[in-house]
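Analysis of the macromolecular model
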Amino acid sequence: MDARLNESAPSESSRSGDDSQSAEAAVPARFEVGQTIETQGLGSAAVRSGTVFGILFAASIAHGLNDLMQSLLPAIYPVLRKTFSLDYGQIGLITLTFQVTASLLQPLVGLSTDRKPRPYSLPVAMCVTLVGLVLLAYATNYTMLLVAAASVGIGSSIFHPEASRVARMASGGRHGLAQSLFQVGGNFGTAAGPLLAAFIVVPRGQTSIAWFTLVAFVGMLLLTRVGRWYATALRTESKRGGEVHAPSTLSRRRIIASVLILLGLIFSKHFYLAGMSTFYTFYLIDKFHVSIQTAQVFLFVFLGAVAAGTIIGGPVGDRVGRKSVIWVSILGVLPFTLALPYADLFWTCALTVVIGLVLASAFSAILVYAQELIPGNVGLVAGLFFGFAFGVAGLGAALLGELADQTSINFVFKVCSFLPLLGVLTFLLPDVENSSKRR
């Protein structure tokens, strides 16, 4: 791993004809690992150096460790509900506290780091999450649970914008692939959390959460090394003159409208996923009378499908276009979500695999599309979209929890099944990729 974290892959970029002369004038003959210099008139999004897979894998693993710790929170809700005699509304409020602290801070962190990147904020983020885990392990009342959830949320808000920037810097121009690799680590971590909770926390109790602080320490060491590479890459980029971004051909009003549409699609996706991740275990226990451990395994299968869908979405978006991926991933999942509330146990598992696989492919495509829509604002875009996703998930968990208290878990799943209808908004998005090619 040390070798990969410090590897370099200098390369020379050239194009034939007139483009070749303009590219050679704008881009140094040799540039460092992960440096992507975007120049006006190149016709593609970037002139790229080699993709730095060592850094991408390190960032992905760190994302997995970060999200594994975060996913412990909803995974142990059945334990917390029994220990503290919580109702669904209180469980939803815990999720809301975590998601809101993450969502409100992430755009601010992203905006700040766009102006002044902070490579070593990454291990600091992991340390803040560690504090939240310790509080969660030894909480004695509901207020302490909320404080623990807030601490985990703050750690997330610091981690995601800068880690997403690292992935983009190491992409070598293959932005969809880089974001998918980065995202899939988080998804696998999220999927592993419930499984580990089922076999460690459920039988041993709340205080066993403290064992997961070892995960945080490993993450801090890994992110310190990533931060060192990041700092070196920033110094190299500064010496080379940084990135030169081609101006957007879209009007300011069209860009704002497109961002709002993308946020609407994020709302559809993450409101639905919030219902699944928070209440799927309760749905299985209530409707099919399975054990807590069996329900956790089913949740792991669903989240594993989400992880697989994430890694597919980015490369496919690089190849066929991100707008096409957004179309299929949001609207295409509708028939399966509509069928889910009426399925038996076997088909419930089968349908959730398809839903997770298809729906999860959207996020990488949406994020890279937005970064191309607003060039030069990687941290702000990442913070805005990660933050909004967390906020929507938190709000969704709280509202759906209250709805479940007033009606039933089965009714909640019927309501959520219509959310992918918002995928029709994709029709209103401009074709950013074709505009980029024309430039």
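Computed from a prediction, not measured in an experiment: that's the story for all the values here. (Residues numbered from 1 in each chain as written. Predicted model: local features only at pLDDT ≥ 70, side-chain atom pairs only at ≥ 80, totals over all residues. Heavy atoms only, no water.)

A short note on the overall build of the protein chain
- Per the secondary structure count, the protein chain includes 18 helices and two strands.
- Relative to its 439 residues, the protein chain shows a buried fraction of 57%.
- Split by element, the accessible area of the protein chain, about 17300 Å² in all, is 64% carbon and sulfur. (Helix = DSSP H or I, 4+ residues; strand = E, 2+ residues; numbered from the N terminus. Buried < 20%, exposed > 50% of the residue type's maximum accessible area, 1.4 Å probe, protein only. Areas by Shrake-Rupley, 256 points an atom, 1.4 Å probe, with all protein chains shown as cover.)

Quick notes on the pattern of salt bridges
- Enumeration according to the criterion identifies three salt bridges in this entry.
- For the salt bridge of arginine 165 with glutamate 162, the shortest nitrogen-to-oxygen distance reads 2.9 Å. Here the residue arginine 165 and the residue glutamate 162 both occupy positions in helix α7 (residues 142-169), the gap between them amounting to three residues, near one helical turn. Across the pair, exposure class does not vary: arginine 165 and glutamate 162 are buried alike.
- Measuring nitrogen to oxygen at the nearest pair gives 2.8 Å for the salt bridge that ties glutamate 372 to arginine 322. With a gap of 50 residues between them, glutamate 372 in helix α15 (residues 362-373) and arginine 322 in helix α12 (residues 322-331) connect regions that are remote in the sequence. (Salt bridge = Lys/Arg side-chain N within 4 Å of Asp/Glu carboxyl O.)

Some words on a nonpolar patch on the surface
- Together, Ile311, Ile312, Val316, Val320 and Leu357 give the surface a local cluster of nonpolar side chains, amounting to about 370 Å² of exposed area.
- In terms of residue count, helix α11 (residues 292-320) provides more of the nonpolar patch than any other element does, four residues in total.
- Its place among the elements puts isoleucine 311 in helix α11. (Patch = residues over 30% accessible without salt bridge, like charges linked within 9 Å, V, L, I, M, F, W, Y side chains within 5 Å.)

A look at the packing of α15 against helix α16 (residues 378-406)
- At a closest axis distance of 9 Å, the pairing of α15 and α16 adopts a crossing angle of 145 degrees. The way α15 lies across α16 gives a crossing that is right-handed. Contacts between α15 and α16 involve Phe363, Ile366, Leu367, Ala370 and Gln371 on the former and, on the latter, Val378, Val381, Ala382, Phe385, Phe386 and Ala389.
- Here the residues of the contact of α15 with α16 are counted per class, giving 10 nonpolar, one polar and no charged. (Axes fitted to C-alpha atoms, helices over the stretch in contact; angles between N-to-C directions. Left-handed = near helix turned anticlockwise from the far one by under 90°. Contact = heavy atoms within 4.5 Å. Nonpolar A, V, L, I, M, F, W, Y, C, P; charged D, E, K, R; others polar.)

Structural notes on the packing of aromatic side chains
- For the structure shown, the criterion picks out 10 aromatic pairs.
- Ring centres 6.3 Å apart and planes at 25 degrees place the aromatic pair phenylalanine 159 and phenylalanine 182 in the stacked group. On the criterion of sequence distance, the pair formed by phenylalanine 159 in helix α7 and phenylalanine 182 in helix α8 (residues 175-204) is long-range, its members being 23 residues apart.
- By relative accessible area, which is 1% here, phenylalanine 159 ends up buried.
- Taking the centre distance of 5.3 Å and the plane angle of 85 degrees together, the rings of phenylalanine 346 and tryptophan 347 count as edge-to-face.
- Members of the aromatic cluster, joined through ring pairs, are Tyr88, Phe279 and Phe282.
- Above the face of the tyrosine 88 ring, arginine 81 is positioned so that its terminal group lies 4.6 Å from the ring centre. (Phe/Tyr/Trp six-rings, centres within 6.5 Å; stacked < 30°, edge-to-face > 60°. Lys NZ or Arg CZ within 6 Å of the ring centre and 35° of its normal.)

Considering helix α17 (residues 409-416)
- What α17 keeps buried is the set Ile409, Val412, Phe413 and Cys416. The arc that holds every buried residue of α17, seen down its axis, measures 95 degrees, which confines them to one face.
- Among the structural elements, α5 (88-115), α10 (252-288) and α16 are those in contact with the buried residues of α17. (Arc of directions from axis to C-beta.)

Overview of the packing of α10 against α15
- Packing of α10 against α15 leaves a shortest axis separation of 11 Å and a crossing angle of 165 degrees. Taken together, the axes of α10 and α15 are roughly antiparallel relative to one another. The element α10 and its partner α15 pack so that their crossing is left-handed. Between α10 and α15, the residues in contact are Ile255, Ser258, Val259, Leu262, Leu265, Ile266, Lys269 and His270 and Ala362, Phe363, Ile366, Tyr369, Ala370 and Leu373, respectively.
- For the contact of α10 with α15, the class distribution of residues is 11 nonpolar, two polar and one charged. (Parallel < 35°, antiparallel > 145°, perpendicular 65-115°, else oblique.)

Some thoughts on the nonpolar core
- With 119 residues, the main nonpolar core has Leu145, Trp229, Leu262, Tyr280, Phe302, Phe385 and Phe413 as its most contacted residues.
- Broken down by element, the residue count for this core peaks at 16 residues, all from α10.
- Contact partners of phenylalanine 385, with chain neighbours within four places excluded, come to Val259, Leu262, Leu263, Ile266, Phe363, Ile366, Leu367 and Ala370. (Core = buried A, V, L, I, M, F, W, Y, C linked by side-chain atoms within 4.5 Å.)

Here's the deal with the environment of valine 316
- When you line up the elements, valine 316 lands in helix α11.
- Overall, valine 316 belongs to the partly exposed group, its relative accessible area being 36%.
- Look past the residues within four positions of valine 316 in its chain and what remains in contact with it is Gly321 and Val325.

A short note on the environment of proline 335
- Within the secondary structure, proline 335 is located in helix α13 (residues 334-339).
- Among the residues examined, proline 335 registers a relative accessible area of 51% and is labelled exposed.
- Sequence separation between proline 335 and serine 417 is 82 residues; the distance between their C-alpha atoms is 8.7 Å.

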